[in-house]
Each structure stands twice: as structure tokens, then as C-alpha cells.
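Analysis of the macromolecular model
Read off the chains here:
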Amino acid sequence: KQEVTQIPAALSVPEGENLVLNCSFTDSAIYNLQWFRQDPGKGLTSLLLIQSSQREQTSGRLNASLDKSSGRSTLYIAASQPGDSATYLCASQGGSEKLVFGKGTKLTVNP
Amino acid sequence: DAGVIQSPRHEVTEMGQEVTLRCKPISGHNSLFWYRQTMMRGLELLIYFNNNVPIDDSGMPEDRFSAKMPNASFSTLKIQPSEPRDSAVYFCASVEHAGHEQYFGPGTRLTVT
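If you're wondering where the values come from, they're calculated on a predicted model, not measured in any experiment.

Under the criterion given, the structure shown has two disulfides over all chains. Across a sulfur-sulfur distance of 2.0 Å, Cys 23 of chain A and Cys 90 of chain A are joined as a disulfide pair. Classification of the bridge connecting Cys 23 of chain A and Cys 90 of chain A rests on its S-S torsion, roughly 80 degrees, and on that basis the disulfide is right-handed. Of this pair, Cys 23 of chain A sits in strand β3 (residues 19–25) while Cys 90 of chain A sits in strand β9 (residues 86–93), placing them 67 residues apart in sequence. In this structure Cys 90 of chain A comes out as buried when scored by relative accessible area, which is 0%. Covalently, Cys 23 of chain B is tied to Cys 92 of chain B through a disulfide, its sulfur atoms 1.8 Å apart. In this structure the cystine formed by Cys 23 of chain B and Cys 92 of chain B twists about its S-S bond by roughly -65 degrees; its chirality is therefore left-handed. A residue pair is termed long-range when its members are at least 10 positions apart, and Cys 23 of chain B in strand β3 (residues 19–24) and Cys 92 of chain B in strand β9 (residues 88–95) qualify at 69 residues. With respect to class, Cys 23 of chain B is no different from Cys 92 of chain B; both count as buried.

Let's shift gears to unusual backbone geometry. Cis geometry marks the peptide bond from Ile 7 of chain A to Pro 8 of chain A; its omega dihedral reads 5 degrees. In the Ramachandran plot, Ala 79 of chain A falls in the positive-phi region, its phi being about 45 degrees despite a non-glycine side chain. In this structure, Ala 79 of chain A sits in the loop between β8 (72–77) and β9. A relative accessible area of 36% places Ala 79 of chain A in the partly exposed class. Backbone geometry places Asn 51 of chain B, a non-glycine residue, at a positive phi of 50 degrees. As for its placement among the helices and strands, Asn 51 of chain B is situated in the loop between β5 (42–50) and β6 (53–56).

The next point concerns the pattern of salt bridges. Residue and element names in this part refer to chain B. Counting across every chain of the model gives 11 salt bridges over all chains. In this structure, Arg 64 and Glu 62 form a salt bridge, with 2.8 Å as the shortest nitrogen-oxygen distance. Assessed through its relative accessible area of 10%, Arg 64 is described here as buried. Glu 83 serves as the salt-bridge partner of Arg 85, at 2.6 Å between the closest nitrogen and oxygen. Given a relative accessible area of 22%, Glu 83 falls into the partly exposed group. Salt bridges here are not isolated pairs; linked through shared partners, they connect Glu 62, Arg 64, Glu 83, Arg 85 and Asp 86.

Rules behind the numbers
- Residues numbered from 1 in each chain as written.
- Chains lettered and ligands numbered in written order.
- Predicted model: local features only at pLDDT ≥ 70, side-chain atom pairs only at ≥ 80, totals over all residues.
- Heavy atoms only, no water.
- Disulfide = S-S within 2.5 Å.
- Helix = DSSP H or I, 4+ residues; strand = E, 2+ residues; numbered from the N terminus.
- Buried < 20%, exposed > 50% of the residue type's maximum accessible area, 1.4 Å probe, protein only.
- Salt bridge = Lys/Arg side-chain N within 4 Å of Asp/Glu carboxyl O.

Here is the structure:
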């Protein structure tokens, strides 16, 4: 059974700092890995999706990497802004369409 | 497109009552997912449909929960009878094709007293 872990559970940084969020998964036989953002009281917004054959994906200040062999993915946020404050969740997809989610990292970017 | 639409956004009910949550997926999307989110357990998949057919309901906690998708544009999740431990945020999500990004609705916050 796939297990997805995100460490740390919470992170607080000053504005402008570059930061990395970590995601690990136990079963490397994944189809893809997705990163989501969740604002308080809101649904999830998809940020990046990395197919199993890819090593990374980039969107603006965000860069997500995937290392299947080690069961790890990272989300890199460059030049963080207060508007980046949210909870970030990663989810792995196996052979079916099911996503298995980590519990998220709550990010606070202080002005 | 308006995105995934869920209703109601908030529901407060008494233990023992029937609760029906509704979801309209994005037009043209083939699969629909129901999730439940709690502080303790995080996001859990309850059930998902592909082309209106239930594919995997292994996450449905017990027989009190049921879900239907009568057509491509509508799905319901029903809890009967509801219990306080069912209090959570319930999300609906849809995806165009397997392996593509899932798009989530705003969720329904359910409180059972």
C-alpha cells in the first residue's frame, strides 16, 4: 500500500527566500506525481504534474522534481512571496486513477 | 468553464439525518472522484467513477455511505444515517483522462451534531 509523507508539517520563512518542500513515497511504481496548493477553506489547485518518465516540471517560480528510484519529489519555490502562503500537498498516482495524498506542508511566508 | 461545482458549501445536520452532497464535474471530463478531508486522516479517496460507472469504492467507510452518478454531469454522495464522526470537508474532483491533472471543487463542509 502506497504511503506518502511530507516533512516538515509546517514551515515559516521570510519573504524572498528560496525554499524546498519535500515529499516521499514508499512504492516507486508510480504513474505520476502531482503537487497541489490549498488555501484555507478552499479546494485544491493543481500546480504541477510530473509523469513517471520525467525528471522535473517548471511553472513560473515553481520547479518540481521527481526521483522514482529514491521515492522522492521536491517542490522548489524561488523568491517566495506572502501570497505563496498556503498548504502544499503532493499526491502519487499508481496504476489506477487513484491519488494517494501526503498530509501537506503548511507554508507561511512572512513579509 | 466554471470548474467543478459542489453544493451545498456548508451543511449542518443532526445525528441520524440523511445528508446528500452534490457535484457537477467539468464538462467533458471522464472521471469523477469523491474525497474526504479531516485533520487526523488528511485527504482520503472514497470512491471514483469512470464514464459514470463506479470503479473503486474501497474507500467508502461503511454502508451508511453511498454514491451515484446518473449521468456525466452530476453525482451525489449520500450519508444515511449521519454520525458526528462523519464531520469533515468532502471534495469532488474530475479529470479529463487518466493520468491528467485532477481538478477539485471548493468542497462541502459537513458538521454533524
